[in-house]
Each structure stands twice: as C-alpha cells, then as structure tokens.
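# Observations on the three-dimensional arrangement
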Amino acid sequence: MSNQVLSAISERRSVRGYKPDPVTDEQLGIMLRAAQESPSARNEQPWHFTVVRNKEIIREVNEEANKNLGDDHGDIFYDAPAVIFISAERGWKWSKLDSGIAVTNIALAAHSLGLGSVILGLPDAAFNGPRENYFNKLLKFPENYEFAVAIAIGAPNTTKEAHPIKPGKIAYVN
Ligand SMILES: Cc1cc2nc3c(=O)[nH]c(=O)nc-3n(C[C@H](O)[C@H](O)[C@H](O)COP(=O)(O)O)c2cc1C
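Below is a summary of the structure that appears in this document. None of these values were measured; they are calculated from a predicted model.

## Some words on the overall build of the protein
The secondary structure content of the protein amounts to 6 helices and 4 strands. Its helices and strands in sequence order give the protein the pattern α-α-β-α-β-α-β-α-α-β, from N to C terminus. Since a compact globule built from 174 residues should have a radius of gyration of about 16 Å, the 17 Å found for the protein is in line with a globular shape. When contacts within the protein are restricted to residue pairs at least 6 apart in sequence, long-range pairs at least 24 apart make up 84% of them.

## Looking at the pairing of strand β4 (residues 145–154)
When a strand is regular, its side chains alternate between the sheet's two faces. Within β4, 9 of the 10 residues are buried, which leaves the element mostly enclosed by the surrounding structure. Across 8 bridges, the pairing between strand β2 (residues 82–89) and β4 is antiparallel. From the neighbouring strand, Phe85 faces β4, where its bridge partner is Ala150. Two strands pair when backbone bridges link them, and strand β3 (residues 116–120) and β4 are joined in this way by 5 bridges, in the antiparallel orientation. In the strand pairing of β4, Gly116 is matched with Gly154.

## Thoughts on the sheet that holds β4
If you walk across this open sheet you meet the 4 strands as β1-β2-β4-β3, and the pairing is antiparallel. The sheet terminates laterally at β1 (47–52) and β3, the two strands that pair on one side only. Taken pair by pair, the neighbouring strands of this sheet meet at an average axis angle of 20 degrees, ignoring direction. Both β1 and β2 contribute to a ladder of 6 bridges, which runs antiparallel. Bridging from a neighbouring strand, Phe49 pairs with Ile86 of β2.

## A few points about unusual backbone geometry
One non-glycine residue, Gln45, lies in positive phi territory at about 45 degrees. Tracing the backbone shows Gln45 in the loop between α2 (25–36) and β1. The partly exposed category is assigned to Gln45, around which 16 C-beta atoms lie within 10 Å.

## Thoughts on the packing of α2 against helix α4 (residues 95–112)
Where α2 contacts α4, the two axes come as close as 8 Å, and the packing angle between them is 145 degrees. Read as a crossing pair, α2 and α4 show a hand that is right-handed. Seen from α2, the contacting residues are Ile30, Met31, Ala34 and Ala35; seen from α4, they are Ala102, Asn105, Ile106, Ala109 and Ala110. Of the residues that constitute the contact of α2 with α4, the class distribution is 8 nonpolar, 1 polar and no charged.

Calculation notes
- Residues numbered from 1 in each chain as written.
- Predicted model: local features only at pLDDT ≥ 70, side-chain atom pairs only at ≥ 80, totals over all residues.
- Helix = DSSP H or I, 4+ residues; strand = E, 2+ residues; numbered from the N terminus.
- Rg over C-alpha atoms; globule rule 2.2 N^0.38 Å.
- Contact = placed C-beta atoms within 7 Å.
- Buried ≥ 20, exposed ≤ 12 C-beta atoms within 10 Å, placed from the backbone.
- Pairing = 2+ DSSP bridges.
- Axes fitted to C-alpha atoms, helices over the stretch in contact; angles between N-to-C directions.
- Left-handed = near helix turned anticlockwise from the far one by under 90°.
- Nonpolar A, V, L, I, M, F, W, Y, C, P; charged D, E, K, R; others polar.

Shown next as structure tokens:
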C-alpha cells in the first residue's frame, strides 16, 4: 500500500547539510500553513513560529547554545538557509506535544516541496541559560511562551539512510 502521504512519511530524513539556495516566502507560507493545520489539544493552538533567515541571528543562537551546552557541538543549525523556532505557551500541559506535532507537519511539508529539514532540540540550551530573556526577545517569543523545538530547512546537500526501526515497540491488547 502506498500513497503520497505514506511516501512522504517514509522518504523523509533528517538533513544535516544544505545548499545555500534561499527558502522562498512561498515555500515558508506553505510550511507554516501545514504547521497551523496541525491538530492540538482542545484546539488551543498553543504554538508560535519564528522564521529566521538572518545568518547573523542563527549564528548568535548557535554560539549561546554551544556556550551553555559546555562542549562544542559545532554548527547545530548545519548552515541551513532557514530555521523555524517554535515556542509554546507556558503552563498548558499539551503545549510542547502540540508543538511537536506541528514540527512534524513542517518536516513533511518541506519534504513534499523537495526541501530537506532536521528537527532540532539542541537550541534549547540558548533559551534556558543565563541570557534566556535576551534570546526569548530576540526570537520574538510571545509573552509567557518558551522554546519548544526548532527545525532547520533548506535544499538538501546530503543524503542518509532511513533510521533503523527498533523492535518491540508495539503491543496489541485484544
Ligand atoms: C525532538 C527532536 C529533537 C532533535 N534534536 C536534534 C538535534 O538537536 N540535532 C540533530 O542533528 N538532530 C536532532 N534530531 C533528529 C534526530 O536525531 C533524528 O530524527 C533521528 O536520528 C532519526 O533520523 P531521521 O530523522 O533521519 O529519521 C531531533 C529529533 C527530534 C524529534
């Protein structure tokens, strides 16, 4: 059994190398629409999307994250031409899960447009360190929102195999 949705899910990979070609406004609009069409608990839509194509800002977040992580992870954004930072409303138990669903839709939409992406948790270190307030403001997180996850996007310059599927992760209770 195959169809376009199943093919996109199956073909998507984390892309950790990008061509410099810019991600266009139209492509971003399509991905952000897909993100906002995601389901969310009680339809709260407790997410916010910050699009960054400014290399200097991405570099600044990378530097802070690496500083707070304590060891050098190199470029945690893989020199991607665009990064979307998703922040989530504080104090609502489903905010980060809903943001995770939204980031999956972005990854699948990116793939459907011929773009690559990688979902990123490491930038969290920039938003939970001593300069948390500065970085929350720099990235225009709304008041009472916190970093949930990010996604780097661009034309892929690398390929990788599908991840191996761990066994023993399914039970049927009949
Ligand atoms: C919540 C989350 C956080 C992740 N954080 C990072 C990250 O900071 N850096 C990175 O290179 N990959 C990150 N990944 C990508 C995973 O390593 C990747 O999805 C996994 O190895 C499976 O590979 P695949 O995406 O190619 O199927 C993250 C994925 C998820 C879902």
